[in-house]
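Single-letter residue listing:
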Amino acid sequence: MHSSKRMGQYPSLISVKCFMVLVCISILSSAILASGHPLTLDYYKSTCPTVFEIVRKEMECQVLSDPRNAALIVRLHFHDCFVQGCDGSVLLDDTISLQGEKKASTNVNSLKGFRIIDRIKNKLESECPGIVSCADILTIAARDAVILVGGPYWDVPVGRKDSKTASYDLVRENLPGADEGLLGIISKFLYQGLSVTDMVALSGAHTIGMARCVNFRARIYGDFEATSGKNPLSDPYLSKLKSICPATGSGDNNITAMDNVTPNLFDNSFYHTLLRGEGLLSSDQEMYSSLLGIETKELVQKYAEDPVAFFNQFSESMVKLGNIRNLDSFVSGEVRKSCRFVNT
């Protein structure tokens, strides 16, 4: 848990050295990733020209039936790209010969939306069998999900292949945790070739996200009052959170919105929540409240004040996220017939 005292601590010399090493790794990783086969906007122009239309129509149905489906798909995409790159590995089920990523502690009871991707895949297999990868489907669907709840548009380069492997262990190592410190989270983004600016912008997707009690319990019974300045206006909100998430006992999987003002609208309200010190997750609030977060605090303030700047940067950062590569998949990857299983 990040107490207010911890937020005020400065990193040790060892932490700074480790941080700089990760910066160097990130630069090297970016250079390596750039050397892979390029993704293009017209990859399916001749082989499956209706791919974008099919994905969009299915996402329209899914978001219309439940706006929360938009956040499910965006989260799936993020969790996919941070483990082995954007290769559809997060979609694989466990088999006798393969351990998937779905049951890793960070993902279990957290990731949903797999059936939505299955539905899109089935439609595309009927229209263009064996052509469109699950990795591309998820990337396109994430873009459409954001648009359908009021967010920005961006072009999605395509041409990804699906991996034949998954990495249970990398889920824990690569994905940021809800109670993780600011420097730790920054280092994980840098490792993926993403900047601090990308991190703050991409965190803005929490404006449509939901969080489980197990991921915000320590926050609401810890330094929530300190970061919100013990504001009486925050008391009803904190009381509501505590009723959803008891301090002890059951309730780990109870959920609530990370943006309690406009939870089904993609806007910049999330950043206003951080300015009030009411961020639901410690990892989010640290971007504004941590003494180490000089750059992140300025970005939070910027996106709170300027929704256009947020939308522009979010679009740019989502393209960068979607371009994180698994180079192995370009050599030995495939187009799965079912997103849940490697082809036999």
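These numbers were taken from a predicted model, which means no experiment stands behind them.

K.L.:
How should I be thinking about the packing of aromatic side chains in this particular structure?
P.N.:
Each aromatic ring pair is specified by the distance between its two centres and by the angle formed by the two planes. Counting across every chain of the model gives 15 aromatic pairs. Plain terms: the ring middles of Y271 and F310 are 5.0 Å apart, the flat faces sit at 75 degrees to each other, and that makes the pair edge-to-face. Here Y271 is found in helix α13 (residues 269-275), whereas its partner F310 is found in helix α16 (residues 307-322), with 39 residues between them in sequence. When sorted by exposure, Y271 lands in the same class as F310, which is buried. Residues F310 and F311 carry aromatic rings whose centres are separated by 5.7 Å and whose planes lie at 65 degrees to one another, so their mutual orientation is edge-to-face. Residue classification places F310 among the buried residues on the basis of a relative accessible area of 0%.

K.L.:
Quick question: what am I supposed to make of the UniProt feature "active site" (unreviewed entry) in the protein chain here?
P.N.:
Under the UniProt annotation, the feature "active site" (unreviewed entry) is placed at H79. Mapped onto the elements of the fold, H79 is located in helix α4 (residues 68-81). Classification of H79 as buried rests on a relative accessible area of 10%. Beyond its immediate sequence surroundings of up to four residues, H79 is in contact with V90, T106, N107, L111 and L175.

K.L.:
Is there a simple way to explain the side chain of N174 in this structure?
P.N.:
Inspection of the secondary structure assignment puts N174 in helix α7 (residues 168-174). A polar contact of 2.9 Å, which involves the side chain of N174, links it to the backbone oxygen of F82. Apart from residues no more than four positions distant in its own chain, N174 is found in contact with F82, V83, K188 and Q192.

K.L.:
For this particular structure, what's the right way to read helix α8 (residues 182-191)?
P.N.:
Along an α-helix, residues three or four apart share an orientation, since each turn contains 3.6 residues. Of all ten residues in α8, seven are buried, a share of seventy percent or more. Among the residues of α8, L182, I185, I186, S187, K188, F189 and L190 are the ones counted as buried. Directly after α8, the chain includes G193, whose backbone phi takes a positive value near 85 degrees.

K.L.:
What is the right way to look at the side chain of R212 in this model?
P.N.:
In this fold, R212 is placed in strand β1 (residues 210-212). D252 provides the closest opposite charge to the buried, salt-bridge-free R212, at an N-O distance of 6.6 Å. Excluding residues that lie within four positions of it along the chain, R212 makes contacts with V108, N109, S110, D252, N253, N254 and I255.

K.L.:
I tried to follow the pattern of salt bridges on my own but got confused; where do I start?
P.N.:
It is possible for side chains bearing opposite charge to pair when their charged atoms get close. This structure, assessed with the given rule, holds 17 salt bridges. Put simply, E58 and K123 hold a salt bridge, and the shortest N to O gap is 4.0 Å. With E58 in helix α3 (residues 51-65) and K123 in helix α5 (residues 114-127), this pair connects stretches of sequence that are 65 residues apart. On the basis of relative accessibility, which here comes to 40%, the residue K123 falls in the partly exposed class.

K.L.:
Help me understand α16, please; the structure alone is not making it clear to me.
P.N.:
With 16 residues, α16 extends 22 Å between its outermost C-alpha atoms, agreeing within 8% with the 22 Å of an ideal straight helix rising 1.5 Å per residue. Among all positions of α16, only A309, F310, Q313, F314, S315, S317, M318, L321 and G322 are buried. Lining the buried residues of α16 we find α4, α6 (134-148), α9 (196-203), α13 and α15 (294-305). Between a side-chain oxygen at the N-terminus of α16 and the backbone nitrogen of V308 the separation is 3.2 Å; the capping residue is D306.

K.L.:
Looking at this model, I keep getting lost on the state of the cysteines. Mind explaining?
P.N.:
Each disulfide is one covalent bond, formed between the sulfur atoms of two cysteines. A full pass over the atoms with the stated rule returns four disulfides. With its sulfur 2.2 Å from that of its partner, C134 forms a disulfide with C339. Taking the torsion about the sulfur-sulfur bond, which here is approximately -95 degrees, the covalent link between C134 and C339 counts as left-handed. Of this pair, C134 sits in helix α6 while C339 sits in the segment after α17 (327-332), and the two are 205 residues apart along the sequence. For C134, a relative accessible area of 0% translates into the label buried. In this model, C213 is linked to C245 through a disulfide, with the two sulfur atoms separated by 1.9 Å. Because the sign of the S-S torsion sets the handedness, a value of about 65 degrees for the bond joining C213 and C245 places this disulfide among the right-handed ones. Note that C213 is positioned in helix α10 (residues 213-220) and C245 in the loop between α12 (235-244) and β2 (255-257), a separation of 32 residues in sequence. Relative accessible area serves as the criterion here: at 0%, C213 is assigned to the buried category. Residue C245 is classed as buried on the basis of its relative accessible area of 0%. Sequential numbering of the bridged cysteines in the protein chain gives the disulfide pattern 1-4, 2-3, 5-8, 6-7.

Reading the values: rules and limits
- Residues numbered from 1 in each chain as written.
- Predicted model: local features only at pLDDT ≥ 70, side-chain atom pairs only at ≥ 80, totals over all residues.
- Heavy atoms only, no water.
- Phe/Tyr/Trp six-rings, centres within 6.5 Å; stacked < 30°, edge-to-face > 60°.
- Helix = DSSP H or I, 4+ residues; strand = E, 2+ residues; numbered from the N terminus.
- Buried < 20%, exposed > 50% of the residue type's maximum accessible area, 1.4 Å probe, protein only.
- UniProt positions renumbered as here; feature names shortened; annotations may be inferred.
- Contact = heavy atoms within 4.5 Å.
- Polar contact = N/O pair within 3.5 Å; in protein donor to acceptor, adjacent residues only side chain to side chain.
- Lys, Arg positive; Asp, Glu negative; His and termini not counted.
- Salt bridge = Lys/Arg side-chain N within 4 Å of Asp/Glu carboxyl O.
- Expected span 1.5 Å × (residues − 1).
- Disulfide = S-S within 2.5 Å.

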